[in-house]
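So you can see what is in the structure, the chains are spelled out below.
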Amino acid sequence: MGNSGQRQNRHGGGRPPSTSTGENVRASETTAPATTAAGLPQRKAASEHMTPKDVVITAAPAQAGLAQFLKDKLEAEKYTVYCNTELEAAATKRVAKALVDCKLFVFVTGNESAASSLAADAVAFAYISNTPIVIAANDDRAGILANMIFGMKLALQKMEWHIFPADSMESTLPAFMAALKKGLSGEASGNDIPTEAAAAPTPTNRRQLYAHSTKESKLELVGDQGNFWERNFGGDEDVAWYKFQQAFLKEYETNISELFDDSQVSWLLDMLKNEVFEASQTEKVSKVKFIEVRGESEHKGQFWKVVSEIAAEKYSMNEVFNMESAVRLTAVENLGKFQTPAVVDALLKLLDDGDPNIRAIAAISLGRTGTKDKVVIQRLLILLDDKDRICRQSACLSLGHIKAEEGVPKISHLWRNDFISTVREAAKTALQQIGGPDAERILRVTNILQEEIAELEGKK
């Protein structure tokens, strides 16, 4: 089955220690981070960021020649390019920062990068951020896939590879450039899922990700020649989970065996049962839920396509937010740009992180998504009670940014009672942003009281 996907030891990996300020620090000694007009902590100055590039290329040292060849060709076409040929944690972090604002990612792969958890981090980050991906390689595709980390293989399964023979690299260049230009223009290249199927609702309401057709892949879809449900369950409106599982494993045995070993099959089935079909309580799958997941299209392989995309998205999220991930912090800082339910779910989980810096950044990112989901608001309200003052401050500003009126009582309590001045200032800013009769009344009454108190103190 190839590489099982165990993460490697990293060079210089790990997360920097928390620099959280304890609550025993006097208010006068704290300094609030600079904020935007919207009240959220300000992003770093542009000079501290990489200049956005059109294309990001990453490769292992063994593929440095191909990476440089592609970089030269792209720059000759007037594209701006960031190119990395190191498999080190620091280099992967720089790749992630470059991926944030790039238009397309070229993954130059080979046996070394296929087995690298650092390369897997970069691929997963590009995948969840919806960056178009184009694959290039010098080596035999089958041999690379045999050694490829599971999550990377899952994310790249649908994509066409561009093989550049060492003695005739120019011959592959026209097809590669055509694929790259389609990706840069935002066109879907070779995706054989019909438009109506692409728009079908799924548990994560996934956006369609750029992918090339797998013309030479062993992972071609089988089964689903019509309606999977009717073929296996006839006119039943719901079926027991174990029957659904048996039918799924039989129908897609070839596809599953190409991608998953036994432990990964267990992971896939658990995800389908508990997160996709939400059958952990009832032990049943309804036809209505199946159609919601699959979409209305009944063309060949549609259900497997949807399942494999959900699995790839889920595994990529796990890869990016793994505690050892080289791209974790960059992802948290920038996920607010990607307003998908999967991203919001990942940020919600980070509100429970043991590092208060991560909790604070997750809160800020949730605010930047602009979502007014009730679960998001409730979790941010809970964060107002966090023992770390930066977390409380971030929660205030995010609730203010999304104008969460439910937060007025707790935010007003912090404005009047928190003993850290920056938290009180953030709470006041949030109340001003939320507005409305309740917030305006609290602001007016409290301001009057403060003026009266100041006047009395002046008479003493």
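Residues numbered from 1 in each chain as written. Predicted model: local features only at pLDDT ≥ 70, side-chain atom pairs only at ≥ 80, totals over all residues. Heavy atoms only, no water.

Looking now at the confidence of the model for the protein chain. Considering every residue of the protein chain, the mean pLDDT works out to 78; 78% of them sit at 70 or more. The low-confidence segment residues 188–225, where pLDDT is below 50, has 112 contacts with residues more than four positions distant or belonging to other chains. (pLDDT = per-residue confidence, 0-100. Contact = heavy atoms within 4.5 Å.)

Before going further, it helps to examine the nonpolar core. Core analysis: the biggest nonpolar cluster contains 113 residues, and F244, F248, F277 and F303 have the highest contact counts within it. Sort the elements by how many residues they give to this core and helix α14 (residues 302–321) lands first, with 11 residues. V55, L66, L70 and V134 belong to the second largest nonpolar core, which has 21 residues in total. (Core = buried A, V, L, I, M, F, W, Y, C linked by side-chain atoms within 4.5 Å. Buried < 20%, exposed > 50% of the residue type's maximum accessible area, 1.4 Å probe, protein only. Helix = DSSP H or I, 4+ residues; strand = E, 2+ residues; numbered from the N terminus.)

We now examine the pattern of salt bridges. Overall, the coordinates contain 15 salt bridges when judged by the stated rule. With its nearest N and O atoms 3.5 Å apart, the salt bridge here joins K289 to E292. Separated by three residues within a single helix, K289 and E292 lie in helix α13 (residues 287–294), roughly one turn from each other. For K289, a relative accessible area of 15% gives the class buried. (Salt bridge = Lys/Arg side-chain N within 4 Å of Asp/Glu carboxyl O.)

Attention now moves to the packing of aromatic side chains. One pass over the full model with this rule turns up 27 aromatic pairs. Here the aromatic residues F228, W229, F233, W241, F244, F248, Y252, F277, F290, F303 and W304 are joined through ring pairs into a cluster of three or more. (Phe/Tyr/Trp six-rings, centres within 6.5 Å; stacked < 30°, edge-to-face > 60°.)

This brings us to a nonpolar patch on the surface. Together, V445, L449 and I453 give the surface a local cluster of nonpolar side chains, amounting to about 240 Å² of exposed area. Residue placement: L449 occurs in helix α22 (residues 436–459). Exposure remark for L449: the relative accessible area of 39% places this residue in the partly exposed category. (Patch = residues over 30% accessible without salt bridge, like charges linked within 9 Å, V, L, I, M, F, W, Y side chains within 5 Å. Areas by Shrake-Rupley, 256 points an atom, 1.4 Å probe, with all protein chains shown as cover.)

On to the environment of A122, then. Note on placement: A122 falls in helix α4 (residues 117–128). What makes A122 buried here is its relative accessible area of 5%. Along the chain, A122 and F107 lie 15 residues apart, while their C-alpha atoms are 9.0 Å from each other. Once you skip the residues sitting within four places of it in the chain, A122 turns out to touch V95, L99 and F105.

Contact geometry for helix α18 (residues 374–383) and helix α19 (residues 389–401): axes closest at 8 Å, N-to-C directions at 145°. Two packed elements cross with a definite hand, and for α18 against α19 that hand is left-handed. Residues I377, L380, L381 and L383 of α18 pack against C391, R392, A395, S398 and L399 of α19. Counted by class, the contact of α18 with α19 contains seven nonpolar, one polar and one charged residues. (Axes fitted to C-alpha atoms, helices over the stretch in contact; angles between N-to-C directions. Left-handed = near helix turned anticlockwise from the far one by under 90°. Nonpolar A, V, L, I, M, F, W, Y, C, P; charged D, E, K, R; others polar.)

In this section: the sheet that holds strand β2 (residues 81–84). Pairing between the strands of a sheet is mediated by backbone hydrogen bonds and can be parallel or antiparallel. One open sheet holds the five strands; their spatial order is β2-β1-β3-β4-β5, and the pairing between them is parallel. Across the chains shown, the open sheet's two edge strands, defined by having one partner strand only, are β2 and β5 (161–163). Adjacent strand axes in the sheet meet at a mean angle of 20° when their direction is disregarded. Where strand β3 (residues 104–109) lies against strand β4 (residues 133–137), five bridges are found, and the strand directions are parallel. Residue pairing across strands places V106 opposite V134, the latter belonging to β4. Those strands touched by helix α7 (residues 173–185) are β1 (55–59), β3, β4 and β5, and its axis lies near 145° from that of β3. (Pairing = 2+ DSSP bridges.)

Pairing of β1 with β2, which is carried by four bridges, proceeds in the parallel orientation. Looking at the pairing, I57 lines up with C83 of β2. With helix α1 (residues 64–76) bridging β1 and the parallel β2, this β-α-β connection has right-handed handedness. (Right-handed = clockwise from strand over helix to strand, strands pointing away.)

With five of its five residues buried, β4 lies for the most part within the structure. Where β4 lies against β5, three bridges are found, and the strand directions are parallel. For A136, the partnering residue across the bridge sits in β5 and is H162.

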